[in-house]
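Structural characterization, general
Okay, here's what each chain looks like letter by letter:
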Amino acid sequence: MTVTLSDEAMRLIALFEDETGATARDCVVDEEYDRLVFLVAAGEMGEAIGPGGQHVQSVEQQLDREIKLVEDAPTAEDFVASALAPAAVYNVTISENDSTVAYAEVADEDRGAAIGKGGRNIDAARELAARHYDVDEIELT
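Quick look at the structure, then. All figures in this text were calculated on a predicted structure; none of them were measured in a lab.

Scoring rules and cut-offs
- Residues numbered from 1 in each chain as written.
- Predicted model: local features only at pLDDT ≥ 70, side-chain atom pairs only at ≥ 80, totals over all residues.
- Heavy atoms only, no water.
- Core = buried A, V, L, I, M, F, W, Y, C linked by side-chain atoms within 4.5 Å.
- Buried < 20%, exposed > 50% of the residue type's maximum accessible area, 1.4 Å probe, protein only.
- Helix = DSSP H or I, 4+ residues; strand = E, 2+ residues; numbered from the N terminus.
- Contact = heavy atoms within 4.5 Å.
- Pairing = 2+ DSSP bridges.
- Axes fitted to C-alpha atoms, helices over the stretch in contact; angles between N-to-C directions.
- Expected span 1.5 Å × (residues − 1).

1. Let's talk about the nonpolar core
Val80, Leu84, Ala104, Ile138 and Leu140 are the most contacted members of the largest nonpolar core, which has 24 residues in total. Only strand 2 (35-40), helix 4 (76-83), strand 5 (100-106), helix 6 (120-133) and strand 6 (137-140) provide two or more residues apiece to this core. In terms of residue count, the dominant contributor to this core is helix 6 (5 residues). Aside from chain neighbours lying at most four places away, what touches Leu84 is Val89, Ala104, Ala113, Ala114, Ile122, Ala125, Ile138 and Leu140. Phe16, Leu36, Ala48 and Leu69 belong to the second-largest nonpolar core, a separate cluster that totals 17 residues.

As structure tokens, then:
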């Protein structure tokens, strides 16, 4: 699946990669919550964060915006679990009927983290899953 990036997203990815040394595969500009969501290549999350969070904090300061990082994954199920982090996701099942729905099993104590303030975490997960895996909806179970 091909994701088309805006000029702004490409500029932000270039800055992110220069500052962190990690590869960003996508960038979602979340105007509603004044934050950026970067999709980091699998296995590069530590590099993106940096020692003590130094790399990601540097990018946040330069852009004066909150940043959320999501690690890429090889399957839609693993991707949805990664996108809902820091919530512990026990299992993800993909159902393909009229639409593609990912059912994510999350512990009761982690539902708030999966959803995020005002729904921002699950909204970002939904957008990225739609862009990269054609998942129409994510539902927590």
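2. What about the sheet that holds strand 6?
Strand order across the open sheet formed by 3 strands is 4-5-6, with mixed pairing between neighbours. A single partner strand is all that each edge strand has here, and the edge strands are strand 4 (89-96) and strand 6. Between one strand and the next, the sheet's axes are offset by a mean angle of 20 degrees, whatever the strand orientation. Pairing geometry for strand 5 and strand 6, over 4 bridges, is parallel. Across the sheet, Ala102 pairs through a bridge with Ile138, a residue of strand 6.

3. A look at helix 1 (residues 7-20)
The terminal C-alpha atoms of helix 1, which comprises 14 residues, lie 20 Å apart, in line with the 20 Å expected from a rise of 1.5 Å per residue. Positive phi appears at Gly21, one or two residues downstream of helix 1, with a value of about 80 degrees.

4. Some details on the sheet that holds strand 2
Sheet architecture is open: 3 strands sit in the order 1-2-3, paired in mixed fashion. Edge strands, defined here as strands with exactly one partner in the open sheet, are strand 1 (24-30) and strand 3 (66-71). Neighbour-to-neighbour, the strand axes of this sheet turn through a mean angle of 20 degrees, independent of strand direction. Seen against the sheet, helix 3 (residues 54-63) touches strand 2 and strand 3 and runs at an angle of roughly 140 degrees to strand 3.

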